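Close look at the chain arrangement
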Amino acid sequence: MKISRRDALKITGLSVVVAGMVPRMAFAARNALRSVRTGVQPGDKTRLVIETSTRPSYSLSYPEKQLVVDIANMSADSSIAPKLASGTLISEIKQVQSGDHLQIVATLRKNIGQLQKSQIMLLEPNGDNDYRLVFDFTAVSTSADKIASSVTSSGASTQKTKQNIIIIDPGHGGKDPGCIGRGGTKEKDIVLSVARRLKTGLDQAGFKTYMTRSGDKYLKLAERAEFAENRKGDLFISLHANANPSRSVKGFSIYTLSEKASDEEAKKLAESENAADKIGVDGFTEFERDIRAALSSLQQHAVAEMSEEYANGCARAFRSSKVEAQPGPSVRHAPFAVLRSTVPGALIELGHLSNAAEEKLLKSPDHQNKLVAAIVRSIKNYNFDV
Ligand SMILES: [Zn+2]
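None of the values given here were measured: they were computed from a predicted structure.

The rules behind the values
Residues numbered from 1 in each chain as written. Predicted model: local features only at pLDDT ≥ 70, side-chain atom pairs only at ≥ 80, totals over all residues. Buried ≥ 20, exposed ≤ 12 C-beta atoms within 10 Å, placed from the backbone. Helix = DSSP H or I, 4+ residues; strand = E, 2+ residues; numbered from the N terminus. Pairing = 2+ DSSP bridges. Axes fitted to C-alpha atoms, helices over the stretch in contact; angles between N-to-C directions. Core = buried A, V, L, I, M, F, W, Y, C linked by C-beta atoms within 7 Å. Domains from an automatic or database assignment. Contact = placed C-beta atoms within 7 Å. Expected span 1.5 Å × (residues − 1). pLDDT = per-residue confidence, 0-100.

What follows deals with the pairing of strand E11 (residues 235-242). Where burial is concerned, most of E11 is hidden: eight out of the eight residues are buried. Alternating residues of E11 divide into Leu235, Ile237, Leu239 and Ala241 and Phe236, Ser238, His240 and Asn242, and every residue in both groups is buried. Relative to E11, strand E9 (residues 165-170) runs parallel, the two sharing five bridges. Of the residues in E11, the one forming a bridge with aspartate 169 is serine 238. Note: E11 against strand E14 (residues 345-352), six bridges, orientation parallel. Paired with asparagine 242 across the bridge in E14 is histidine 352.

Now the structure itself:
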């Protein structure tokens, strides 16, 4: 039985080392199994759904012709019979108690290889369901299977050398200065300076980095998103600074993509950030159609969830570095054009140039380094492997 690095990450939780962070997985409350079911998805995919009463702390392993989902803090429940659909790759599902963990052991008709992040989704409870762990997969061909198992057997060293790709996007540039502080500081200059420092920090930390712009250049928002796609980014970080009509407002805030803005302020911000391309927030529907065509709904959920996870981690890193937070929720949602891609990511408003004290701070190399150190930490702690 092989425990992959992503499983190990899930169990030990790299995030645990960050002071003040509550590890999401490590101390889950007592969990209960609600249901286990399978189904067939378009593209002849097998779907396995495991429903649990609380957010599951889980790991995966792949014994020969099996998929084992190991869930912590859970007891077997013989009253729950798996509902097996016909035509799937799963022929049988058993519950196996292993200490305090419950293993859901799915017997497979064919090998499926190791599941990728895009094939796994944790859904939050909705009206009809509790937490659901969802796995979508197909059989791997024999030759691909051989390659997969040889990669697996060479183990951790192979995986360690896998460099995650971070796309750094300094907002605005060229003819678009972004917002301008009372002291004349331009957003485009601040974010470029922070972006350069961030690139250095991430390169040193072993990431592969690309900047959408490395000079004072105007780029369309769609070009930035496309850049992230083309470079096959694992994470997209768009850097901005904010302005507020009220000059007393200060602090950072972090945004992820959603069709609807989480609040009026987020909506206004998306409008002003999108203004560079003259994209109204209403233009979102068309994008939604494009993305829908390119991604399964599971993948869309996965990108949204990964972005949310990163944004929350980044907010925690800022707070633990004592970076001032804007009042209200630190992570918000709005239809930002620049985030319209399949690469998970966030738009970070580093602070307010409209506030005199923060304008001064944002210009200072010390403060820029502090912001960068927190962002580097948040990226190091982000779980790239599910
Ligand atoms: Zn901006």
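Here the focus is the sheet that holds strand E6 (residues 101-108). Reading across from one edge, E3-E4-E6-E5 is the order of the four strands in this open sheet, with antiparallel pairing throughout. In the strand order of this sheet, the two ends are held by strand E3 (58-61) and strand E5 (90-98), each with one partner. For this sheet the average axis-to-axis angle between neighbouring strands, irrespective of direction, equals 20°. Bridging between strand E4 (residues 66-71) and E6 involves six bridges; their strand directions are antiparallel. Paired with isoleucine 71 across the strands is leucine 102, a residue of E6.

Time to look at the nonpolar core. Counting residues in hydrophobic clusters, the biggest one holds 84 residues, and the most contacted among them are Val194, Ile237, Cys314, Phe336, Ala346, Ile348 and Ile375. Examining the composition of this core, we find that nine residues originate from one element, helix H8 (residues 297-320), more than from any other. Counting contributing residues per domain, this core is built from domain 1 (5-152) and domain 2 (165-381), each supplying no fewer than three. Those residues in contact with isoleucine 375 that sit more than four places away from it in its chain are Leu198, Ile237, Cys314 and Ala317.

Taken together, the six strands give an open sheet; going across it, the order is E10-E9-E11-E14-E12-E13, and neighbouring strands pair in mixed fashion. Every other strand in the sheet has two partners, leaving strand E10 (208-211) and strand E13 (331-334) as the edge strands with one partner each. Direction aside, the axes of adjacent strands within the sheet are offset by 25° on average. Pairing geometry for strand E12 (residues 253-257) and E13, over four bridges, is parallel. Following the sheet pairing, threonine 256 is matched in E13 by histidine 333. Taken strand by strand, helix H4 (residues 187-204) contacts E9, E10, E11 and E14, and its axis lies near 145° from that of E11. Packed onto the sheet, helix H9 (residues 356-363) meets E11 and E14 and runs at close to 120° relative to E14.

As a further point, take unusual backbone geometry. You will see that histidine 172, though not glycine, has its phi angle at about 60°, which is positive. Looking at where histidine 172 falls in the secondary structure, it is placed in the loop between E9 and H4. Looking at histidine 172, the number of C-beta atoms within 10 Å reads 26, which means it is buried. In the Ramachandran plot, lysine 322 falls in the positive-phi region, its phi being about 60° despite a non-glycine side chain. Turning to its location among the elements, lysine 322 is positioned in the loop between H8 and E13.

Now for helix H10 (residues 365-381). Taking 1.5 Å of rise per residue, 17 residues should cover 24 Å, and H10 covers 24 Å from first to last C-alpha, within 8% of that figure. Within the span of H10, buried status applies to Gln368, Leu371, Val372, Ala374, Ile375, Val376, Arg377, Ser378, Ile379 and Lys380.

A separate point is the environment of glutamate 305. Its location among the elements puts glutamate 305 in helix H8. In this structure glutamate 305 comes out as partly exposed when scored by C-beta crowding, with 18 C-beta atoms within 10 Å. With 184 residues separating them along the chain, glutamate 305 and methionine 121 place their C-alpha atoms 8.3 Å apart. Residue contacts for glutamate 305: discarding those within four places in its chain leaves Met121 and Leu122.

Moving on to the confidence of the model for the chain. Parts of the prediction with low pLDDT should not have their coordinates interpreted in detail. Here the chain averages 82 in pLDDT, while 81% of its residues score no lower than 70. When mean pLDDT is taken per element in the chain, E10 scores highest with 98 and helix H1 (residues 5-12) scores lowest with 28. Within the model, the stretch residues 1-29 combines pLDDT values under 50 with 49 contacts to residues more than four positions away or in other chains.

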